[in-house]
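# Survey of secondary and tertiary structure
Single-letter residue listing:
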Amino acid sequence: MSQQRTDSSASPAFPDLPEATVARLPEYLRALHTLAEQGHDTVSSEGLAAAAGVNSAKLRKDLSHLGSYGTRGVGYDVALLITQIEAVLGLSQHRTVALVGIGNLGHALAGYGGFASRGFSVAALFDAERAQVGERIGDLVVRHIDELAEVVAAEGISIGVITTPVHAAQHVADRLVAAGVTSILNFAPCVLAVPPGVDVRKVDLAVEMQILSFHEHRKALTALPVPRPAPNGRAGEAIGT
Ligand SMILES: NC(=O)c1ccc[n+]([C@@H]2O[C@H](COP(=O)([O-])OP(=O)(O)OC[C@H]3O[C@@H](n4cnc5c(N)ncnc54)[C@H](O)[C@@H]3O)[C@@H](O)[C@H]2O)c1
């Protein structure tokens, strides 16, 4: 996932967090919710780091940006840390989301029930094709993109998710911004031009797989030779030597 920033000004009343820290906070939050569900009141930095899949020094540094240092010998208060992270991420306020482009991916996202428990509700679905408009998915009916501005205002939508083909993505982004949306999650594999004050994040699974491909490639080139079993049962010579 990558971030396009158009406005770097930070409010003096708001912690100026490194982008990498912001990206890890949702992982800490997910791990903390799981610990709370399991009945844990406190957690050590090592325990939370392991549950979130990061190293504990990085976690302590991240949480120190929030003014959270834990208590020596006790660790972090799970409920308090959940409240602090949710406050910084602005999750105390439930956010409404519009999905634009209800094809294969749009259908999958529209039908996903897991957003609500993480503080988001998909409030509206839009498409440009008459064949999609009017379709019911869960509690929502797909609307025509021409209704975007009216619905964004009525539902107080602040986040737009673009799941259209590339050729339509910029036009849809322009319409979302004109309607008052200030955060866009873009699944179309292209860069969007947006005015200052609008944040864009891009999700591209192909990019993630290309990064994994790099690691596969590197492992293949730097792999230790695989021992070849000797006919007498003892370890034999390495393949490729
Ligand atoms: N980020 C990822 O990892 C990832 C994975 C899969 C697909 N994608 C991308 O997601 C996008 C959607 O893929 P898909 O397979 O669902 O495509 P799709 O063709 O099934 O669906 C696209 C939908 O967008 C609608 N649309 C087109 N122009 C529009 C407009 N101007 N306004 C509103 N709706 C419009 C179409 O009518 C269609 O219903 C593509 O850009 C694809 O490359 C990204």
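About the criteria used
- Residues numbered from 1 in each chain as written.
- Predicted model: local features only at pLDDT ≥ 70, side-chain atom pairs only at ≥ 80, totals over all residues.
- Helix = DSSP H or I, 4+ residues; strand = E, 2+ residues; numbered from the N terminus.
- Buried ≥ 20, exposed ≤ 12 C-beta atoms within 10 Å, placed from the backbone.
- Contact = placed C-beta atoms within 7 Å.
- Near = placed C-beta within 6 Å.
- Core = buried A, V, L, I, M, F, W, Y, C linked by C-beta atoms within 7 Å.
- Domains from an automatic or database assignment.
- Axes fitted to C-alpha atoms, helices over the stretch in contact; angles between N-to-C directions.
- Parallel < 35°, antiparallel > 145°, perpendicular 65-115°, else oblique.
- Nonpolar A, V, L, I, M, F, W, Y, C, P; charged D, E, K, R; others polar.
- UniProt positions renumbered as here; feature names shortened; annotations may be inferred.
- Left-handed = near helix turned anticlockwise from the far one by under 90°.

On to the overall build of the chain, then. A count of helical and extended segments in the chain gives eight helices and 12 strands. Looking at the chain as a whole, 22% of its 241 residues qualify as buried. When contacts within the chain are restricted to residue pairs at least 6 apart in sequence, those whose partners lie at least 24 apart make up 54%.

What surrounds the ligand is a group of 26 residues, the closest being Gly101, Gly103, Leu105, Ala168 and Leu205. Among the elements of the structure, helix H5 (104–110), strand E5 (120–127) and helix H7 (166–179) are those that each provide at least two residues to the shell around the ligand. Broken down by element, the residue count for the shell around the ligand peaks at four residues, all from H7.

Here we take up the nonpolar core. Membership of the largest hydrophobic core comes to 28 residues, with the highest contact counts inside it found for Ala98, Leu99, Val100, Phe126, Ile162 and Ile184. Elements represented by at least two residues in this core include exactly strand E4 (95–100), E5, helix H6 (148–155), strand E8 (159–162) and H7. Setting aside its immediate chain neighbours within four residues, Ile184 contacts Gly160, Ile162, Ala173, Leu176, Leu192, Val194, Val198 and Val200. Formed by 15 residues, the second largest nonpolar core is a distinct cluster that contains Leu25, Ala31, Val43 and Leu59.

The assigned domain composition of the chain is domain 1 (2–88) and domain 2 (95–205). Relative to domain 2, the C-alpha centre of domain 1 lies at a distance of 29 Å.

Now for the packing of helix H2 (residues 45–52) against helix H3 (residues 56–64). When two helices pack together, their arrangement is given by the angle between the helix axes and by the axis-to-axis distance. Following both chains from N to C, one finds H2 and H3 inclined at 100 degrees, their axes separated by 9 Å at the closest point. By the angle between their directions, the pair H2 and H3 is classed as roughly perpendicular. Taken together, the residues of H3 that come into contact with H2 (itself represented by Ser45, Glu46, Leu48, Ala49 and Ala52) are Ser56, Leu59 and Arg60. For the contact of H2 with H3, the per-class residue count stands at four nonpolar, two polar and two charged.

To continue, consider the environment of Asn55. The residue Asn55 is located in the loop between H2 and H3 in this model. Given 13 C-beta atoms within a 10 Å radius, Asn55 is considered partly exposed. Through-space distance from the C-alpha of Asn55 to that of Leu140 is 42 Å; in sequence the pair is 85 residues apart.

Here, UniProt's "binding site: NAD(+)" (unreviewed entry) annotation points to Gly101, Ile102, Gly103, Asn104, Leu105 and Gly106. Secondary-structure assignment places Asn104 in helix H5. Given 8 C-beta atoms within a 10 Å radius, Asn104 is considered exposed. Locating Gly106 in the fold gives a position in helix H5. Those residues in contact with Gly106 that lie beyond four places of it in its chain are Leu99, Gly101 and Thr163.

The next thing to look at is the UniProt feature "domain: CoA-binding" (unreviewed entry) in the chain. UniProt annotation of "domain: CoA-binding" (unreviewed entry) refers to residues 90–191 when read in the numbering used here. Helix and strand shares over residues 90–191 are 28% and 28% respectively, and the end C-alpha atoms of the span are 26 Å apart.

One way to put it is that H6 packs onto H7 with a least axis distance of 9 Å and a crossing angle of 45 degrees. Looking at the two axes, H6 sits oblique to H7. The element H6 and its partner H7 pack so that their crossing is right-handed. Of the residues in H7, those touching H6 at Leu148, Ala149 and Val152 are Arg175, Ala178 and Ala179. Of the residues assigned to the contact of H6 with H7, the class counts are five nonpolar, no polar and one charged.

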